[in-house]
Amino acid sequence: MTTSPAALDKALITSVEYGAQSFPFDEWRWLRANDPIHWTDVDEIENFWAITRHRHITEISARPDVFSNEKGNIVIFREEDDFDREDNPFNSMRVIIQMDPPDHREFRKVASGFFTPRGIKRLDEIVTNTATMVIDKLSKSGSDPVDFVSEVAQRHPLRVLCTILGVPPEDEDHLLTLTSQLFAFDDPDLGPPGDDRQAAADLLGLQFYELFNGIIEDRRANPQDDLASLLANAHLENGEPMGLIETLGYYLIVFNAGHDTTRHSLSGAVGAFLEHPEEFARLKEDPSLMKTAVDEIVRWSAPVNYMKRTALEDYQLDDVLIKKGDRVCMFYGAANHDEEIFDDPDRFDVGREHNRHLGFGWAEHYCLGAHLAKASIAALLEQMIERIDSIEPAGEPTYTASSFVHGYKTLPVTVSWA
Ligand code: HEM
C-alpha cells in the first residue's frame, strides 16, 4: 500500500499505475475503512470524490436525477483533454450511457427486448459455436505456452458481437484494433499511435463511423433478423425513426461496452483459476455451480473499474456534502470487496450465494448486455471444464494501462487437456 496521499490518489486513477500494478486493492481497503468518500487531487486530472463502499455506490446510482451521466461524461478526463467539446466525434454520437432520463429510458427501450434472457436465447447457437471454435483452436497448441488473452478471451466476444452487429468477418480485426485503441487509449502498446490525443480521438471516431455507417445503410436496404437491423430501423415512442447519430451511438456502445469487458472477465476467470486451481477443479466436479461461478467471476474481475457521475445539485452522502458540479467516481471493484456486504470478500468462491456484486453496475444504467455477457462466459467455461484438466501459468502476466476498463493485457498459460 502506498503511503503519501498523492501516491494514493495516483494509484486510484492513473492509467500508468494500473498498467504496472493492476487494481489498487490495498488502497481501496484502506479507503473503505478510513475515508470511503475521499476527495482526490492529482495534477493534470480533474478532481473527484472516490467512492469505495457498496452502499454509497448503490445510493448514487439510484439517483440519476441528482447524479448525471450526460453532464460531464462518464470517464475522468485529463485536464489537457478537450473531449467534452461538442464537435468531438464521440460526443456527436449520442450513446445511452451518456444520457439521463427521460431520454435514457426511451433510447434504452429500443434494444432492451433484444437483451432480455428470452431475447438472447436466439443467440445460444452463436455463443456455443464460438466458444467451441476458440477452444478447438486453442487445443491445436497442445501443451505449448499460449497467451490466453489474444488466443481466447478477445476472440470469443469479438465473434459473438460482430455476428449480432452484422460486421463482416474480414472487418473483425480492424474493429478489434479500434476498440483496443479506445479502451486502452493511454497504453503504449494498445492505444492509438502518435502524441496528439485529440487527433487520435477524432480519427478513431471517424473510423468507427465509416464501419458502422456502412452496416446501417446495408441493414436499412436489406433488413435481417439481427440486432444490426433492429437498430438500423428503430423507431422512437413518437413514431419517428431513431436518428443517425443515436443509431451510430448504439452500435458504438454495444460493441465497445460488450467486447473489452467480456474479454477481461474471461481472462480474469483464468487468472483467478491460476491462483485458485481448486476452484477450477470444483467447477469441473460440479458444473451445477456454473451460475454462481459466472457471477463470482464478474465480481472478481470487475472489468469496468469505475463510472463517473456529475452532481446536478448539492447532495448529502452520509457525512459528506457533495457540491453541485462535483464529480463522483464509483469504483466497482472496491465495492465488490466490501466487508459490509460480502462474507470473506477476498476469497474467490465459485459457489458464492447471494452475490450482490456491482460488476454490472446498478439501477438506471445497469449493464444492458449482462445476460449476454453471462451466457458468453458460461459457454466458454462449459467448454473449458469439459475439455481441460488443468491450466498452469507460463510466465508473468501484464495488465492494460487503463484505469477505466481494465484487465490482463497478456496472460501466458499452458493447458493440460482431458
Ligand atoms: C462481463 C462483461 C460486462 C461487464 C462487466 C459490463 C459492465 C457494465 C457496467 C459496469 C455498466 C455501467 C452500469 C452503470 O453505470 O450502472 C455497463 C453498461 C452497459 N453495458 Fe455492459 N458489461 C459487460 C458486457 C456487456 C455486453 C456483452 C454488452 C452488449 C452486448 C454490454 C452493453 C452495455 C450497455 C449498452 C451499457 C449502457 C447501459 C445504459 O446506459 O443504460 N455490456 N456495463
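This text goes with the structure placed above it.
Now for a look at the structure at hand. (Residues numbered from 1 in each chain as written. Predicted model: local features only at pLDDT ≥ 70, side-chain atom pairs only at ≥ 80, totals over all residues. Heavy atoms only, no water.)

## Things to note about the coordination of the iron atom of the ligand
In step 1: Within the protein, a single donor atom binds the iron atom of the ligand, namely Cys367 (SG) at 2.3 Å.
In step 2: Note on placement: cysteine 367 falls in the loop between α17 (332–335) and α18 (370–387). (Donors = N, O, S within 2.8 Å, 3.2 Å for Na, K, Ca; no water. Helix = DSSP H or I, 4+ residues; strand = E, 2+ residues; numbered from the N terminus.)

## A look at unusual backbone geometry
In step 1: For the peptide bond that leads from proline 101 to proline 102, omega is 5°, which places it in the cis range.
In step 2: Counting through the fold element by element, proline 102 comes out in the loop between α5 (89–92) and α6 (103–112).
In step 3: Unusually for a residue other than glycine, aspartate 318 sits at a positive phi of about 55°.
In step 4: The partly exposed category is assigned to aspartate 318, whose relative accessible area is 43%.
In step 5: One non-glycine residue with positive phi stands out, namely aspartate 344, at about 45°.
In step 6: On the secondary structure map, aspartate 344 appears in the loop between α17 and α18. (Buried < 20%, exposed > 50% of the residue type's maximum accessible area, 1.4 Å probe, protein only.)

## Some points on the pairing of strand β8 (residues 327–331)
In step 1: Most of β8 sits inside the fold, with 4 of its 5 residues counted as buried.
In step 2: The sheet contact formed by strand β2 (residues 48–51) and β8 spans 3 bridges and is parallel. Looking at the pairing, alanine 50 lines up with cysteine 329 of β8. (Pairing = 2+ DSSP bridges.)

## Considering the pairing of strand β5 (residues 306–311)
In step 1: Across the 6 residues that make up β5, a large majority, 6, are buried.
In step 2: Of the two faces of β5, the one holding Tyr306, Lys308 and Thr310 and the one holding Met307, Arg309 and Ala311 are both buried throughout.
In step 3: In this structure, strand β3 (residues 67–68) lies alongside β5, joined through 2 bridges in antiparallel fashion. In the strand pairing of β5, serine 68 is matched with threonine 310.
In step 4: Pairing of β5 with β8 involves 5 bridges; the strand directions are antiparallel. Bridged to threonine 310 within β8 is arginine 327.

## Side note on the nonpolar core
In step 1: Ranked by internal contacts, the top residues of the largest apolar core, which has 130 residues, are Phe212, Tyr250, Phe331 and Met384.
In step 2: Ranked by the residues each element gives to this core, the list is headed by helix α14 (residues 244–275), at 13 residues.
In step 3: Here methionine 384 is in contact with Ile135, Phe148, Val270, Phe280 and Ile391, once residues within four sequence places are set aside. (Core = buried A, V, L, I, M, F, W, Y, C linked by side-chain atoms within 4.5 Å. Contact = heavy atoms within 4.5 Å.)

## Let's talk about the site of the ligand
In step 1: Surrounding the ligand, one finds 29 residues, the nearest of these being His104, Arg108, Arg309, His365 and Cys367.
In step 2: At a separation of 2.6 Å, an oxygen atom of the ligand approaches a polar side-chain atom of histidine 104.
In step 3: Within the side chain of arginine 108, one N or O atom sits 2.6 Å away from an oxygen atom of the ligand.
In step 4: At the level of elements, α6, α14, β5 and α18 are the ones that each hand at least two residues to the shell around the ligand.
In step 5: It is α14 that contributes the most residues to the shell around the ligand, 7 residues altogether.
In step 6: Looking at the shell around the ligand, its residues break down into 18 nonpolar, 9 polar and 2 charged. (Near = heavy atom within 4 Å. Polar contact = N/O pair within 3.5 Å; in protein donor to acceptor, adjacent residues only side chain to side chain. Nonpolar A, V, L, I, M, F, W, Y, C, P; charged D, E, K, R; others polar.)

## Describing the environment of arginine 309
In step 1: Mapping arginine 309 onto the fold places it in strand β5.
In step 2: In this structure, the C-alpha to C-alpha distance between arginine 309 and glutamate 217, residues 92 residues apart in sequence, is 34 Å.
In step 3: Here asparagine 69 takes part through its side chain, which lies 2.9 Å from a polar atom of the side chain of arginine 309.

## Some remarks on the packing of aromatic side chains
In step 1: On inspection of all chains with the given rule, the structure shows 18 aromatic pairs.
In step 2: Aromatic side chains phenylalanine 114 and phenylalanine 115 sit 5.1 Å apart centroid to centroid with 75° between the ring planes, which places their arrangement in the edge-to-face category.
In step 3: Classification of phenylalanine 114 as buried rests on a relative accessible area of 3%.
In step 4: Phenylalanine 115 gets classed as buried once you look at its relative accessible area, which sits at 5%.
In step 5: Its end group placed over the ring of phenylalanine 342, arginine 299 keeps NZ or CZ at 5.2 Å from the ring centre. (Phe/Tyr/Trp six-rings, centres within 6.5 Å; stacked < 30°, edge-to-face > 60°. Lys NZ or Arg CZ within 6 Å of the ring centre and 35° of its normal.)

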